[in-house]
Amino acid sequence: MTTTNSVLNMEIMQSIIARYPRKRSAIMPLLHYVQSVSGFVTNEGIELIATLLEIETAEVSAVSTFYTQYKRSATGEYHIGVCTNTLCAIMGGDVILASLKEHLGIENDGVTADGKVSLEHIECNAACDYAPVVMANWEFYDNQTVESAKALVDGARAGNPPAPTRGPNRLVTFKEASAVLAGLDDGLAEEGIQAGIPTLLGLKLAKEGK
Amino acid sequence: MTTFANSATEVTPVEMITVVIDGFEVTVPKGTLIIRAAEKLGIQIPRFCDHPLLDPVGACRQCLVDVEINGRAFPKPQASCTIPVEPNMIVKTQLTSAVADKAQKGVMELLLGNHPLDCPVCDKGGECPLQNQAMSNGNAQSQLTGYKRTFEKPINISSQVLLDRERCVLCARCTRFSNQIASDSFITLNHRGALQQVGIYENDPFNSYFSGNTIQICPVGALTGASYRFRARPFDLVSTPSACEHCASGCDMRTDVRRGKTLRRLAGDDAAVNEEWNCDKGRWAFKYVTSTDRLTQPLVRNSEGVLVQASWPEALAAAAAGLKGKRAAVLTGGRITTEDAYGYSKFARIALKTNDIDFRARVSGEEEGNFLAAKIAGKFDVHYSDIDSADHVLLVAFEPEEESPIVFLRLNKNFKKRNLKVTSVATKGSIAMDKLKANFIKVAPGAEAAAVATVALTAKSVILLGERASESIGLISAAIALAEKTGAKLAWIPRRAGERGALESGAFPTLLPGGRPVADSAARVDVAAAWGIDSLPSEPGRTTHQIIEALSQNELDAVVVGGVDARDLLRSNKVLDVLKNSFVVSLEIATSSITEVADVVLPVAAITEKSGSFLNWEGRARAFDAAVDDSHNRSDVRILSALADAMGESISLGTVSATAREIAQLGKWDGTRVAFTTVNEGNALTPSGDQAILTSWRRLLDMGTLQRGEDNLAGTRRQTVAVISQKRASAIGVVSGDQVRISNANGSITLPSLVEDIHDDAVWIPRNSFGSQALIALDAVHGELVTVVKA
Amino acid sequence: MSKLTPVLSAHWDQKDSFTIDAYKRNGGYAAAVKALAMDPDALIQLVKDSGLRGRGGAGFPTGMKWGFIPQGDNKEHYLVVNADESEPGTCKDMPLLMANPHVLVEGVIIAAYAIRAKHAFIYIRGEVTHVVRRLNKAIADAYKAGYLGKNVFGTGHDIDLVLHIGAGAYICGEETALLDSLEGFRGQPRLRPPFPAIAGLYARPTVVNNVESIAAVPAIVANGAEWYQSMGTEKSKGATLYSLSGHVNNPGQFEAPLGITLREILELAGGIRNGHQLKFWTPGGSSTPLFTAEHLDVPLDYEGVAAAGSMLGTKALQIFDETTCVVRAVLRWTEFYKHESCGKCTPCREGTWWLVQILRDLEEGKGSEADLAKLLDLCDNIMGRSFCALGDGATSPITSSIKYFRDEYIAHVTGAGCPFDAAKSTLFAEAK
């Protein structure tokens, strides 16, 4: 192991544990937290979590391999997920994924050599009325095309990715997003729109009396 | 062989339920699962994840049956391993339901779909539940013709256990055992879906003391043991029921032999004792039997003082000559069978005309001797089932996982199932105490007695007293007083398998067989009559330590020594010097420090080569037959009988079975017992500066003689460390992992430190581990001052 | 009058709809105050009377679920909200929480009070960073306002709410898998009984409800059971969110009384995309058997959809037009179930492994007609044989598609490959 526990903040980890009536429940946010520090689930993260929760390392490792969002090797600074569940795939997700693979020169679950972008085909992300959908660090990029998806990854590699369609005013990094998923506040909750056009369609029609 | 144990199980009325399975009625206790009710009718429903000692999980779906209750049928087949019977339930298994049959065959096809066709090279082939049930409940042909899931072929998850993930059917028996039974969650199910697989965390191997059980309950060949892999086909093995010789838990075992060689040992099934489990030492430590230093021929020291091979008549004659008419004693060691112990006992009294006989080849004291004679011998009133019904179990000088692992499993079962309260009076915390969430009464070594007196127990409580209680003056007295005050039951749990049987057989200075006091003339008459002799020696005998002392003072001339390791005794170097200057007849299986100084060495049979029995800590007989029948060795009792003959005396114990009959006929003493004299607690030492009070016990896996030759097992042992408290660590400026040196006038031991829950005055080291042999290096084990410094 | 009845979605068009100020401006948290003044049992009765049924897919009566919690048992009770929205096609809870997280917080306060729970959890899927932000902020603001925590609304009651964020596992939408996951284990379903109402989270009595079910509660408390009952059909009361996606001109969320038909929703949404016809659709996500154009007039309530051979599920209406290859669609869904199978039971874990291979061969023209029989036999060995409903769901697209489109499968065999041009199905096909 090359990294050290010094970057994992014990105070934050203890505060995460304190959220729950029983501390083992904190294992998932703690794993997100480890990813927010290291970009993936490190061995030292697993060992520290096991110590803090008083369980075996195997039990932590078992949980970390069950959930697809936990990565056991480094992700890109911008982790791109292309929805290829049926509806998105048919509406364009398959084409988008194929073109991104070619464009980035990486396979599914690959990371670009510069460490900026990783690519993963993902399952339904609960935004079907915005299909085809691409997620970047688990922020919504709605109604994507091959061109818009390429622009997203190009921007990511250049350090200026476009803002999410429904999300904050800038795309946070994978580590920053992981901190949010660990339940930590990044102060961006009030940025971005409250809803996109499809979300509001029924309400609009109702107001029009239709 | 007489069973000493009373079968005093309390009978509580159980509600019975009658159900119909495949048209047959069966009545079973409420709570019985369908799959087991069917077994009672002889209906075998196929299964993989189901195991009677593990919580139902319903994962493999192999046991699907149609169920109807009160005329209402479940819309789909149900897992019979998860549903208890109910009144008015009608079950249709694969025998009477086409739906159930199709469902089972469908599941079987899916299980086989990704299973490799490597049965011809698989160790499980021939005794494989998947193979067997595929034949009984599967389709002859599969429609699954695509590509199979592949994994790297077997990976070591410990030095002893290998995992072949391709063969695994993911029944989770192994992971559930480790979690539910052993509380060692070192193996888990990892990943998910079709890639789900059993695994460890990469830096922490499956070093559980109970890991072998997972191999035994694996229903396929996914888990294999390094020691048995590729050694045999099950149908070439000859199996013999046996008993474990490694400790006093008393596990039922099975020994599998091919062409005269023991290839594996498995846990037997005895619900009253080990259920279906055993520990890894019992399972794998049997190579000592075939080790290279095994003795096969008698040896006699010649006129040049060199041990040379001799014929049996020559050796017996030499031994008889050295013993006859001499002041001789007997040290049996604690590993002997009850029958052999009886042989030594009778030999001492008749051939040597002495009560100088003691089985205790360990640190022991007079308080213990009095206790064993007064309170333990002839009493068989505490059992595993008392742990099942106890309201509170108190552990005194007893670390169950290390010193009697099946007792630990029983405690753990009761903790897990009904939150049994466990208290431990000890100098140091332990993994087992953590698992049991035991109330830890932390004491300085030597201060145990006062702490025991304060524990609140009831008449439903059980005190488990370890053999190390003898190392703390007054501790046994305190435990007895507590038991008498509260009505709690008191059990004594020695570490070695033969100690209880030896005690009952009179291999003890103050007791004759059956718990008869030597000092009681009626008891002596009793035994003399049974043995057909005029009288027995009336002078109480010497203890092990007294025998050594007497030899050194020339108050004794000779000694007959059984399976004794000098390293287990205090002042072991002196012991060997003393023996060198005495006439020693050694009965041993392999060369040892004792055989090297002996005058006559008589090779004896190892446990798998002979029949006999042990009494476990409960006093329950654990009988076994010879598993290897072409041994040219023989049980100690037979050799002792021949030796007595050579001396012109007769103990008439030509065979083990004859000995067992004689023990049974003699029966146990029902007269007055030896009285117990309370011993006041000793003065606790007060360490100053770098001083600490030494405390130690043996690890399950250590340098024990019977673990020789099994490196795969040794690879799973716990780390050798010196345990100190945080306060002491700070005082001497070390953190966990730093080397510390423990020393006294006799020597020193240097080990990595571990800062843990231990009394501030104490330092703990393993008693007989690699790099830490307390008796040899320090000539001390408990309660003595040592110096602890940063190394 | 509109066929739509925006209640949950009524204020989503306000730019700050997700803030506590906006929520209160629109009358938010008044229902909580009203509820906390009521007897908890009366609240449970109110929800029973409203006819509200679980909106997570199974449609179990919500009030009855609450009523199962043993009272006076001196045990902790827990409320757990299932926000692990992952069923393919389902996209109602995430936009709801992004636009108005406070309605869920208020629903949690009321529901927790009703079942005498001092501790509530929202288990949200992890792949929605911004929704997590909004919900966490809403909870924090509710704490600040004194609506959560000790002595909520000054009533003396304590209610804590913890947001638990998942990490990518569809199976955690299954309530017992969700509980295992929340306890810190791998999210695999538990054996039942015991049911969560008796031994749920930490083996304590627990109610697990979908986001939309709990979010519906404040309006029911505010407006009464009769008002809620006035919407919907005889056994399927109230209004709900229908999520329309796919080959339609205007996809989106439509909040309407239960019983509306797809024909009616499509009319509102401007129909199938121009120049194309409806081929097949899901009424409630991919785990519900496919429908075709012949089902346009099926009332989309629990009974109507069931009578027509499918399930209302999550009301996720995924629409596919004639450019879509049904074999490709079904293969992709099957790959999804394989990816998401938890691995616990044999039929689902192993079955999806083989189903994918057979479907892939068929899609690539390497299959045979016998493969159809093989698929159906495997489905028969998975459906009703698996540990939980995930395995059942995996068979739905296969068996229903073979039922309606057998000829199309055969065409893949006889024509040596897929007869469809995938490019024509894409959103950007026409733009090219």
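Residues numbered from 1 in each chain as written. Chains lettered and ligands numbered in written order. Predicted model: local features only at pLDDT ≥ 70, side-chain atom pairs only at ≥ 80, totals over all residues. Heavy atoms only, no water.

Participant: Please provide a residue-by-residue account of the overall build of chain C, values included.
Facilitator: A tally of regular secondary structure across chain C gives 17 helices and 9 strands. Taking 22 Å as the expected radius of gyration for a compact globule of 432 residues, we find that chain C reaches 22 Å, a close match to that expectation. When the backbone C-alpha atoms are referred to their principal axes, chain C occupies close to 75 × 50 × 40 Å. Burial statistics for chain C: of 432 residues in total, 68% are counted as buried. When contacts within chain C are restricted to residue pairs at least 6 apart in sequence, those whose partners lie at least 24 apart make up 70%. Accessible area for chain C stands at about 13,200 Å²; split by element, carbon and sulfur atoms hold 54% of it. Treating the 42 positive side-chain charges of chain C as one cloud and the 48 negative ones as another, the clouds have centres 4 Å apart. (Helix = DSSP H or I, 4+ residues; strand = E, 2+ residues; numbered from the N terminus. Rg over C-alpha atoms; globule rule 2.2 N^0.38 Å. Buried < 20%, exposed > 50% of the residue type's maximum accessible area, 1.4 Å probe, protein only. Contact = heavy atoms within 4.5 Å. Areas by Shrake-Rupley, 256 points an atom, 1.4 Å probe, with all protein chains shown as cover. Lys, Arg positive; Asp, Glu negative; His and termini not counted. Charge placed at Lys NZ, Arg CZ, Asp CG, Glu CD.)

Participant: A description of the UniProt feature "domain: 4Fe-4S Mo/W bis-MGD-type" (unreviewed entry) in chain B should follow, citing residues and the corresponding values.
Facilitator: In the numbering used here, UniProt assigns the feature "domain: 4Fe-4S Mo/W bis-MGD-type" (unreviewed entry) to residues 237-293 of chain B. From the first C-alpha to the last, residues 237-293 of chain B spans 26 Å; its make-up is 9% helix and 35% strand. (UniProt positions renumbered as here; feature names shortened; annotations may be inferred.)

Participant: A description of the state of the cysteines should follow, citing residues and the corresponding values.
Facilitator: According to the stated counting rule, one finds 0 disulfides over all chains in the structure shown. Counting only cysteine sulfurs, Cys60(B) is the nearest neighbor of Cys49(B), a cysteine outside any disulfide, at a range of 3.8 Å. As a non-bridged cysteine, Cys342(C) has Cys388(C) as the owner of its nearest cysteine sulfur, 6.3 Å distant. (Disulfide = S-S within 2.5 Å.)

Participant: Describe unusual backbone geometry, listing the residues and the values that go with them.
Facilitator: Residue Pro132(A) is reached from Ala131(A) by a cis peptide bond, and omega for that bond is -10 degrees. Looking at where Pro132(A) falls in the secondary structure, it is placed in the loop between β2 (117-122) and β3 (134-136). Of note, the bond from Arg192(C) into Pro193(C) is cis; its omega dihedral lies within 30 degrees of zero at -5 degrees. Examined against the element boundaries, Pro193(C) turns out to sit in the loop between α8 (175-182) and α9 (196-199).

Participant: Got a sec to walk through the interface of chain C and chain B? Specific residues and values, please.
Facilitator: The partner chain B presents 36 residues to the 31 residues of chain C that form the contact. Between chain C and chain B the total buried area reaches about 2,900 Å² when both faces are included, carbon and sulfur atoms providing 51% of it. Considering only the side of chain C, the residues that lose the most area to chain B are Trp353(C), Trp354(C) and Arg385(C), jointly responsible for 23% of the buried surface there. Taken together, the connections running from chain C to chain B amount to 25 residue pairs in polar contact (both at pLDDT 80 or more). Contributions of two or more residues to the side of chain C that touches chain B are made by α14 (326-340), α15 (346-363) and α16 (369-382) of chain C. Ranked by the residues each element gives to the side of chain C that touches chain B, the list is headed by α15(C), at 9 residues. Among the residues making up the side of chain C that touches chain B, the classes are represented as 9 nonpolar, 11 polar and 11 charged. (Buried area = accessible area lost by both parts, 1.4 Å probe. Polar contact = N/O pair within 3.5 Å; in protein donor to acceptor, adjacent residues only side chain to side chain. Nonpolar A, V, L, I, M, F, W, Y, C, P; charged D, E, K, R; others polar.)

Participant: Residue-level account of the interface of chain C and chain A, with values.
Facilitator: In this assembly, 88 residues from chain C lie in contact with 75 residues from chain A. When chain C packs against chain A, the two sides together hide about 6,400 Å² of surface, and 61% of this comes from carbon and sulfur. Our count for the chain C to chain A interface comes out at 6 salt bridges. Its salt-bridge partner being Asp186(A), residue Arg133(C) comes within 2.9 Å of it at the nearest N-O pair. Our count for the chain C to chain A interface comes out at 39 residue pairs in polar contact (both at pLDDT 80 or more). When grouped by side-chain class, the residues that make up the side of chain C that touches chain A number 40 nonpolar, 31 polar and 17 charged. (Salt bridge = Lys/Arg side-chain N within 4 Å of Asp/Glu carboxyl O.)

Participant: Now, about the pairing of strand β13 (residues 252-258) of chain B: what can you tell me, with residues and values included?
Facilitator: Where strand β12 (residues 238-243) of chain B and β13(B) come together, 6 bridges link them in antiparallel fashion. From the neighbouring strand, Ala243(B) faces β13(B), where its bridge partner is Asp252(B). (Pairing = 2+ DSSP bridges.)

Participant: Please give an account of the sheet that holds strand β7 (residues 155-156) of chain B that cites residues and values.
Facilitator: Think of a sheet as strands paired side by side through backbone hydrogen bonds, with each pair either parallel or antiparallel. The 3 strands lie next to each other as β7-β8-β11 (chain B), forming an open sheet whose pairing is antiparallel. If you trace the sheet from one side to the other, it starts and ends with β7 and β11 (223-225) of chain B, each paired once.

Participant: How would you explain helix α3 (residues 40-50) of chain C if you had to name every residue and give the values?
Facilitator: Each α-helix turn comprises 3.6 residues. Residues three or four places apart therefore point the same way. All names here are of chain C. Those residues of α3 not exposed but buried are Pro 40, Leu 43, Ile 44, Leu 46, Val 47 and Ser 50. Taken end-on, α3 shows its buried residues confined to a sector of 155 degrees, consistent with a single buried face. Structurally, α3 contributes buried residues whose contacts are with α2 (30-36), α4 (62-67), α6 (101-114), α10 (211-223) and α11 (225-229). Gly 51 sits one or two positions beyond α3 and adopts a positive phi of about 80 degrees. (Arc of directions from axis to C-beta.)

Participant: Would you mind going over α16(C) in detail, with residue names and values included?
Facilitator: Relative to the 20 Å expected for 14 residues at 1.5 Å per residue, α16(C) spans 21 Å between its end C-alpha atoms, a close match to the ideal helical length. Where α16(C) is concerned, the buried positions are Asp371(C), Leu372(C), Lys374(C), Leu375(C), Leu378(C), Cys379(C), Asn381(C) and Ile382(C). Contacts made by the buried residues of α16(C) are with α2 (98-113) of chain B together with α15 and α17 (389-414) of chain C. Positive backbone phi, at 75 degrees, marks Gly384(C), one or two positions downstream of α16(C). (Expected span 1.5 Å × (residues − 1).)

Participant: I'd like to hear about the packing of aromatic side chains, residue by residue, with values.
Facilitator: Under the counting rule described, the total for this entry stands at 26 aromatic pairs over all chains. Ring geometry for Phe60(C) and Phe68(C): centres 5.9 Å apart, planes at 45 degrees, overall tilted. Exposure remark for Phe68(C): the relative accessible area of 43% places this residue in the partly exposed category. An aromatic cluster of three or more residues is present, and its members are Tyr20(A), Tyr78(C), Phe121(C) and Tyr202(C). For Arg718(B), the ring lying beneath its charged end belongs to Tyr209(B), and the centroid distance is 4.1 Å. Geometry around Phe405(C) places Lys279(C) over its ring, the cationic atom sitting 5.5 Å from the centre. (Phe/Tyr/Trp six-rings, centres within 6.5 Å; stacked < 30°, edge-to-face > 60°. Lys NZ or Arg CZ within 6 Å of the ring centre and 35° of its normal.)

Participant: Residue-level account of the sheet that holds strand β3 (residues 160-165) of chain C, with values.
Facilitator: All names here are of chain C. Sheet architecture is open: 4 strands sit in the order β3-β2-β1-β4, paired in parallel fashion. Across the chains shown, the open sheet's two edge strands, defined by having one partner strand only, are β3 and β4 (206-210). Neighbour-to-neighbour, the strand axes of the sheet open up by a mean angle of 20 degrees, direction not taken into account. For strand β2 (residues 119-124) and β3, the ladder comprises 6 bridges, and the chain directions are parallel. Following the sheet pairing, His 119 is matched in β3 by Asp 160. Sheet strands touched by helix α7 (residues 129-144): β2 and β3. Its angle to β3, the strand with the most contacts, is close to 165 degrees. (Axes fitted to C-alpha atoms, helices over the stretch in contact; angles between N-to-C directions.)

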